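# Structural features, examined
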Amino acid sequence: MTKKTNRTCPNCGSELSPSELTECDRCGQALTSAKLTGQLPTDSSLLSPTIPTPGTSPTISQVGAGLHSNPQQSRKRRWLVPLLVILALAVILPLSAVRIWTQTHPNTPATSLPQPASSMMHVSIKLIDVFCDSKEDSFWTHDQFYAMTTFTTPGQNAQAPLNIQAQISHSLDITSGQDLPIPPNSLTIFDGAIAKNSIIKGGITAYNDTQGLAWANLDSWIADVAQLVETGLTNQGIHTADVGTVTAESVLDLAVKAWYITANLSNDNANQLGTLELSVPATGAASEYGVAHFHNNGSLFGSGGWDYTLKYEILRSPATGSSIPSIGEA
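Please read all numbers here as calculations on a predicted model, not as lab measurements.

The subject of this paragraph is the environment of Ser 14. Locating Ser 14 in the fold gives a position in the segment before α1 (60–67). For the pair formed by Ser 14 and Asp 25, sequence separation is 11 residues and the distance between their alpha carbons is 9.6 Å. If we skip the residues at most four places from it in the chain, Ser 14 touches Arg 7, Thr 8, Cys 9, Cys 24 and Arg 26.

Below is the structure:
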């Protein structure tokens, strides 16, 4: 008696029904007698591959059998193309978004991260004292000496305006032969952390107040001068990226105009004693002194002349934190 053997699919292992003769209904595997588990072929031709006769082409069934020889490879190929498409989209879409943003926002300024403390220097400039060798007023009255200062440094990014620091010393009652400290007992006219390759540009302008200015407005004057200088540079199209084109002379010129507007003064009544242009590099000696000499010989007999010497100090030290980044070398 012949023992009955259940037929199973060689690919998925499911039991085959009598109607499933050429293909598995579950996985689609092509079936031949040789591939049915549990049943040996009786036809010896199935035990060896069919080799086409020389000079003839293989039959369609032979080609088809070769294509279905490894169903697992076939399934891998089916998944490979969608996977490659997904990976390509993951790369192309972000790049396209960046390009579109750049084209539609050409003037968006790029922000810059604060520079590490190791690349920054803390710089302070102070007015120490003033010596009056000869006052301007030739009569018995004293002069009312004061100084107005303005300095620029790079801003936070290439398109940002330059940083402006302005200062005005309180008027100082002084006469010939006196050497007096700048109130309040030395005055800080610049203080900040800047990149080591930066240069502080600006300077000092000295005056004798003969107009009786309202010195109670000192704080608002300082703020107004700084704002007007910043606006003047911006109106000239000068931003941090253009810091290399800025000169100490141009900064002082804007500062003087700003001061005259703020205090309602003019070249005729401001009594300017002189100016000193300063370009202070971030690196240098830890402490150094300088002097500004404001001098005028006056008339033939010395009437209306003056002679002042203003002493200032520059202090430098490595920055302990990060502050104003420098865009390019000034």
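On we go.
Below, the discussion takes up unusual backbone geometry. Residue Pro 184 is reached from Pro 183 by a cis peptide bond, and omega for that bond is 0°. Residue placement: Pro 184 occurs in the loop between β5 (179–181) and β6 (187–195). One non-glycine residue, Asn 271, adopts positive backbone phi at about 55°.

Turning our eyes to something else, we now look at helix α3 (residues 218–235). Between its first and last C-alpha, α3 extends 26 Å over 18 residues, near the 26 Å set by a 1.5 Å rise per residue. Following α3 by one or two positions, Gly 237 adopts a phi angle in the positive range, close to 80°.

Taken over all residues, the pLDDT of the chain has a mean of 79, while the share at 70 or more is 70%. Throughout residues 322–330 the model reports pLDDT below 50, and contacts reaching past four residues in sequence, or to other chains, amount to 40 contacts.

Under the definition given, this model contains 8 aromatic pairs. Taken together, a centroid distance of 5.3 Å and an interplanar angle of 75° make the contact between Trp 221 and Trp 259 edge-to-face. With a gap of 38 residues between them, Trp 221 in helix α3 and Trp 259 in helix α4 (residues 248–263) connect regions that are remote in the sequence. Residues Trp 221 and Trp 259 agree in their burial class; the two are buried. An aromatic cluster is built from Tyr 146, Tyr 207, Trp 215, Trp 221, Trp 259 and Tyr 260, whose rings are joined through pairwise contacts.

Here is what the cut-offs are and how they apply
Along every chain, residues carry numbers that run from 1 in the direction the sequence is written. The predicted nature of this model means local features are confined to residues of pLDDT at least 70 and side-chain atom pairs, given and counted, to a pLDDT of 80 or more, with totals for whole chains, interfaces and linings taken over all residues. Hydrogens and water are ignored here; the side-chain numbers use all heavy atoms of the structure. What counts as a helix is a DSSP run of H or I of at least four residues, what counts as a strand is a run of E of at least two, and both are numbered from the N terminus. We call two residues in contact whenever any of their non-hydrogen atoms come within 4.5 Å of each other. Any helix carries an expected span of 1.5 Å times its number of residues minus one. Here pLDDT means the predictor's own confidence in every residue, given as a number from 0 to 100. Only Phe, Tyr and Trp rings are paired, with Trp represented by its six-membered ring, and only when their centres lie within 6.5 Å; those with planes under 30 degrees apart are stacked, over 60 edge-to-face, the remainder tilted. Accessible area is worked out with a 1.4 Å probe on protein chains only. A residue is then buried under 20% of its type maximum, exposed over 50%, and partly exposed in between.

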